[in-house]
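The chain contents come next:
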Amino acid sequence: MSSEVNAAAEVGHHAATEALTPTAYIAEHLQNLNNIGGPQASIIDFSVIHFDTMFWTTLMGLITVLLLVIAARRASPGVPGRFQCLVEMLVEMVETQSKGIVHGDRSYIAPLALFVFCWIILLNTLDLVPVDWIVGVNHFIEGYGVHVPHHKIVPTTDLNATLGMSFSVLLLVFFYSFKVKGFGGFMHELVSAPFGAKWYLAPFNLILNIIEYVAKGVSLGMRLFGNMYAGELIFLLIALLGSMWTFNLDLYMLGFVGNVLAGSAWAIFHILVILLQAFIFMMLTLVYIGQAHSHH
C-alpha cells in the first residue's frame, strides 16, 4: 500500500495548473471513462456508456471462465494439486448451498452460482490495486500520445454494473418461474399470494408482488455497490494521508506512516469484505431462484 503515496506526485502534477483540493482529488478518482467525456448529468441516462466498467467486467468474466475450464480439464482422480483442491472446495461449497436452497433441476443453477461467486471475487479484488497506480499509468502513456482522462478500475463501485447484474438475476427468476410453474401458474401466483386467492384481494397481491420483485433487484445491486463504494472511498482517504503536505499541512512523516499502516490494515480487512460480498450475492441469487421453484 506504500505505492499509494504516489498521490503526492499526482497532486503535484495538477497543482501546476489548478488548485486541487481533497474533494477534487476524490472526485477525480471516482470518475468513469465514458462516451460523454465528463460526469453524468442525471441519475438515469441510458445514453452514457462506461467503457472502463464494460472492459473490466468482460475481462474478469473471461478470466473466470478460463480458470474454471483449466480446472475442469486438469481434474484428476489422483492426488490433487493446490489449484484443484481450491476449485473442488468451491464447487463442493456451492453445490451444498444450492442443494439446500433450490429444490429442482440444478444442472445449470449450481454452475451459474459458482461463476457468479468467482466472477464477483475477481471484480472486487480489483479494489486492492493502489488507487494512484491508474492515474500514474495515465500520466505515463500521455508521453506516448495516448490520453485517457479518467479510468475507474473497480466495476462493483459502479452502480450501473451492480444493478445490471442484479436485474439479470431477476430475469433468471422470471425465467425459472415460467419454466417451473408455467405462464398461467405464475400469473395466478401474482394475484393470489400472499393474502389468498380471493378476487377482491387480487389487486393488493399484485401490487405487493411487483414491489417485492423490484425491491429484490434494487437491493441486490445496491448492497454490493454500497459496500464496495464505501471501501473505495476509504482507500482514497487513506491515500490522502500520504499527500497531506500538499494541502498545506506540514505532516509528511505522519502522512507517510499513516498511509502505509492504515492502508495495509484496511487492505487486509477488505479481503474479508471482498469474499463476503461475493458470497452474499451468490447466496441471494440461489435464494431468489429457489423461490422461483417453490409454489405458494
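Each value, and the rule that gives it
Residues numbered from 1 in each chain as written. Predicted model: local features only at pLDDT ≥ 70, side-chain atom pairs only at ≥ 80, totals over all residues. Heavy atoms only, no water. Helix = DSSP H or I, 4+ residues; strand = E, 2+ residues; numbered from the N terminus. Buried < 20%, exposed > 50% of the residue type's maximum accessible area, 1.4 Å probe, protein only. Contact = heavy atoms within 4.5 Å. Areas by Shrake-Rupley, 256 points an atom, 1.4 Å probe, with all protein chains shown as cover. Core = buried A, V, L, I, M, F, W, Y, C linked by side-chain atoms within 4.5 Å. Axes fitted to C-alpha atoms, helices over the stretch in contact; angles between N-to-C directions. Parallel < 35°, antiparallel > 145°, perpendicular 65-115°, else oblique. Nonpolar A, V, L, I, M, F, W, Y, C, P; charged D, E, K, R; others polar. Expected span 1.5 Å × (residues − 1). pLDDT = per-residue confidence, 0-100. Phe/Tyr/Trp six-rings, centres within 6.5 Å; stacked < 30°, edge-to-face > 60°. UniProt positions renumbered as here; feature names shortened; annotations may be inferred. Arc of directions from axis to C-beta.

## Quick look at the overall build of the protein chain
Reasoning step 1: Scanning the protein chain for helices and strands turns up nine helices and zero strands.
Reasoning step 2: Starting at the N terminus, the α and β elements of the protein chain follow one another as α-α-α-α-α-α-α-α-α.
Reasoning step 3: Put simply, the protein chain has 296 residues, and 41% of those count as buried.
Reasoning step 4: Expressed as a percentage of contacts within the protein chain between residues at least 6 apart in sequence, the contacts between residues at least 24 apart total 73%.
Reasoning step 5: Carbon and sulfur atoms make up 72% of the accessible area of the protein chain, which amounts to about 16,000 Å² in all.

## Describing the nonpolar core
Within soluble globular proteins, side chains that are nonpolar tend to cluster in buried spots.
Reasoning step 1: Formed by 40 residues in total, the largest nonpolar core has its most connected members in I120, M165 and F281.
Reasoning step 2: For this core, the elements supplying multiple residues, two or more each, are helix 3 (51–74), helix 5 (109–125), helix 7 (159–192), helix 8 (202–241) and helix 9 (252–293).
Reasoning step 3: Per-element tally for this core: the top contributor is helix 9, with eleven residues.
Reasoning step 4: Beyond its immediate chain neighbours, meaning those up to four positions away, I120 contacts M165, L224, A278 and F281.
Reasoning step 5: L30, V131, F235 and A239 belong to the second largest nonpolar core, which has eleven residues in total.

## Focus on the packing of helix 3 against helix 4 (residues 82–101)
Reasoning step 1: Where helix 3 meets helix 4, the closest approach of the two axes is 10 Å, and the angle between their N-to-C directions is 110 degrees. By the angle between their directions, the pair helix 3 and helix 4 is classed as roughly perpendicular. Contacts between helix 3 and helix 4 involve L67, I70, A71 and R74 from the former and F83, Q84 and V87 from the latter.
Reasoning step 2: Grouping the amino acids of the contact of helix 3 with helix 4 by side-chain chemistry returns five nonpolar, one polar and one charged.

## A look at helix 5
Reasoning step 1: The end-to-end C-alpha distance of helix 5 is 24 Å, a good match for the 24 Å that 17 residues give at a rise of 1.5 Å each.
Reasoning step 2: Buried residues dominate helix 5, accounting for twelve of its 17 residues.

## Focus on the confidence of the model for the protein chain
Reasoning step 1: Taken as a whole, the protein chain shows an average pLDDT of 83; of its residues, 87% reach a score of 70 or greater.
Reasoning step 2: This stretch, residues 1–18, has a pLDDT under 50; its non-local contacts, to residues over four places away or in other chains, come to 43 contacts.
Reasoning step 3: In the predicted structure, residues 245–251 sits below a pLDDT of 50 and forms eleven contacts with residues beyond four places in sequence or in another chain.

## Looking at unusual backbone geometry
Reasoning step 1: The peptide bond linking A193 to P194 adopts the cis configuration, its omega dihedral lying at 10 degrees.
Reasoning step 2: Mapped onto the secondary structure, P194 falls in the loop between helix 7 and helix 8.

## Quick look at the packing of aromatic side chains
Reasoning step 1: Tallied over the entire structure, the rule returns twelve aromatic pairs.
Reasoning step 2: Pairing F174 with F186 gives two aromatic rings, centres 6.1 Å apart and planes at 70 degrees, and the pair type is edge-to-face.
Reasoning step 3: Residue classification places F186 among the buried positions, given a relative accessible area of 4%.
Reasoning step 4: Relative to Y229, the ring of F225 lies with its centre 5.1 Å away and its plane at 35 degrees, an arrangement referred to as tilted. Taken together, the positions of F225 and Y229, both in helix 8 and four residues apart, correspond to about one turn of that helix.
Reasoning step 5: Classification of F225 by relative accessible area gives buried; the value is 17%.
Reasoning step 6: Through a chain of ring-to-ring contacts, the aromatic side chains of F174, F178, F183, F186 and Y213 assemble into a single cluster.

## Focus: the UniProt feature "transmembrane region" (unreviewed entry) in the protein chain
Reasoning step 1: Under the UniProt annotation, the feature "transmembrane region" (unreviewed entry) is placed at residues 54–72, 108–126, 159–178, 229–247 and 267–289.
Reasoning step 2: The annotated region residues 108–126 carries 89% helix and 0% strand content, and the separation between its end C-alpha atoms amounts to 28 Å.
Reasoning step 3: In this annotation, residues 267–289 is assigned 100% helix and 0% strand; the end-to-end C-alpha distance for the span is 33 Å.

## Things to note about helix 2 (residues 22–29)
Reasoning step 1: Those residues of helix 2 that fall on the buried side of the exposure criterion are Y25, I26 and H29. Along the axis of helix 2, the buried positions cluster into a sector of 95 degrees, meaning they face one direction only.

## Quick look at the side chain of Q277
Reasoning step 1: Its location among the elements puts Q277 in helix 9.
Reasoning step 2: Q277 sits in the buried class, given a relative accessible area of 6%.
Reasoning step 3: Leaving out residues up to four positions away in the same chain, Q277 has contacts with N124, R223, L224 and N227.

## A short note on the side chain of T162
Reasoning step 1: Looking at the secondary structure, you find T162 in helix 7.
Reasoning step 2: Beyond its immediate chain neighbours, meaning those up to four positions away, T162 contacts T156, G221, L224 and F225.

## Describing the environment of G61
Reasoning step 1: Counting through the fold element by element, G61 comes out in helix 3.
Reasoning step 2: Taking the C-alpha atoms as reference points, G61 and I120, separated by 59 residues in sequence, lie 8.8 Å from one another.
Reasoning step 3: Residues in contact with G61, not counting those within four places in the same chain, are F115 and W119.

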